[in-house]
Amino acid sequence: MKLRILPTAQSAARATADHISDKIRTSSIRVLGLATGRSPIAVYRSIADQVAGQELDLRAIESFNLDEYVGLNAADPSSFHAYMQRHLFSHVSFRRSHLLDGDAPDPLAECRRYERDIIAAGGIDLQLLGIGRNGHIGFNEPGSAHDCRTRPVTLSDSTRAANQSDFPAGQAVPEQALTMGIGTILEARAIVLLATGAAKSAALRDALEGPVTTDCPASALQAHPDLTVFADVDAASQLDPALADRQGQWD
Ligand code: F6R
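Since the model is a prediction, treat every value here as computed from it, not as a measurement. (Residues numbered from 1 in each chain as written. Predicted model: local features only at pLDDT ≥ 70, side-chain atom pairs only at ≥ 80, totals over all residues. Heavy atoms only, no water.)

A. Spatial organisation of the layout of surface pockets. The computed volume of the largest pocket comes to approximately 510 Å³. In terms of lining, the largest pocket is formed by 26 residues, of which the most central are Gly-37, Arg-38, Ile-131, Asn-163 and Lys-200. Ranked by residue count, the leading element in the lining of the largest pocket is helix H5 (residues 157–163), at four residues. Taken together, the residues that form the lining of the largest pocket break down as eight nonpolar, 13 polar and five charged. (1 Å grid on protein atoms, 1.4 Å probe; cavity = no way out; pocket = protein on both sides within 12 Å on 5 of 7 lines; lining within 4 Å. Points joined across faces, edges and corners; volume = space filled by probe spheres on them. Helix = DSSP H or I, 4+ residues; strand = E, 2+ residues; numbered from the N terminus. Nonpolar A, V, L, I, M, F, W, Y, C, P; charged D, E, K, R; others polar.)

Listed below in structure tokens is the structure:
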């Protein structure tokens, strides 16, 4: 595991974008896993700038997103389809982009299809993750088994409350979502996690320093052989100072 602590959310996002683009330029990355939420918005802006400046080319890359709300179709502005279109896909060209269809008539079949598509693409080379305040990754809430696969899940009240601002007044956050499983995420060859803001500090501490437990889904990442964590000082504020001092040196 490698940890880098940056002074601001902006610089942490920039460092995450640079890490992703360096990996794409210098290794044989063909399949990228993508996240939504507030944290990666600045990452995607930076990636789009690099593509516009011809420093980066994504046209050979396939992408897979982590999750989608059940019941929202791609045209719904609060869907993760629409988010990805807004923040990344309207600015850059991928070879192909895959998202779970939250409006699929058979959600279980849709999740099985997604797992098959990931395998058919050769597996995920680099997966970008955010972290929920309760330690969720993707929409794998506390209690999720660490070997779970892509599946329909029920969102916790705290996650729905945290995401309410992404929905127009009067529209409730869906109660269910489809998410890549923790087992699926752990199969990515490399993982990069971005955590910013004080609201993430307890979750980040539990993920990196706590016991590996289903109470903190992100603690499953401790078992991953190629994990890089970018945090701003606020998200890193509850980390053991000794651990924070060794940033970048872990392996
Ligand atoms: C998004 C996702 C979630 C978010 C997490 C943090 O695709 O899977 O795990 O990464 O909820 O969201 P923000 O960045 O909005 O705090």
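B. Molecular detail of the sheet that holds strand S8 (residues 176–179). Pairing within the open sheet is antiparallel, and its three strands lie in the order S4-S8-S7. Each of the sheet's edge strands pairs with one partner strand only, and the pair in question is strand S4 (67–69) and strand S7 (151–154). If you compare each strand with its neighbour and ignore which way they point, the axes differ by 30 degrees on average. Relative to S8, S7 is paired through four bridges, and the arrangement is antiparallel. For Pro-152, the partnering residue across the bridge sits in S8 and is Leu-178. Each of S7 and S8 touches helix H4 (residues 107–120); the most contacted strand, S7, lies at about 125 degrees to it. (Pairing = 2+ DSSP bridges. Axes fitted to C-alpha atoms, helices over the stretch in contact; angles between N-to-C directions. Contact = heavy atoms within 4.5 Å.)

As far as function goes, none of this settles anything; it's purely spatial.
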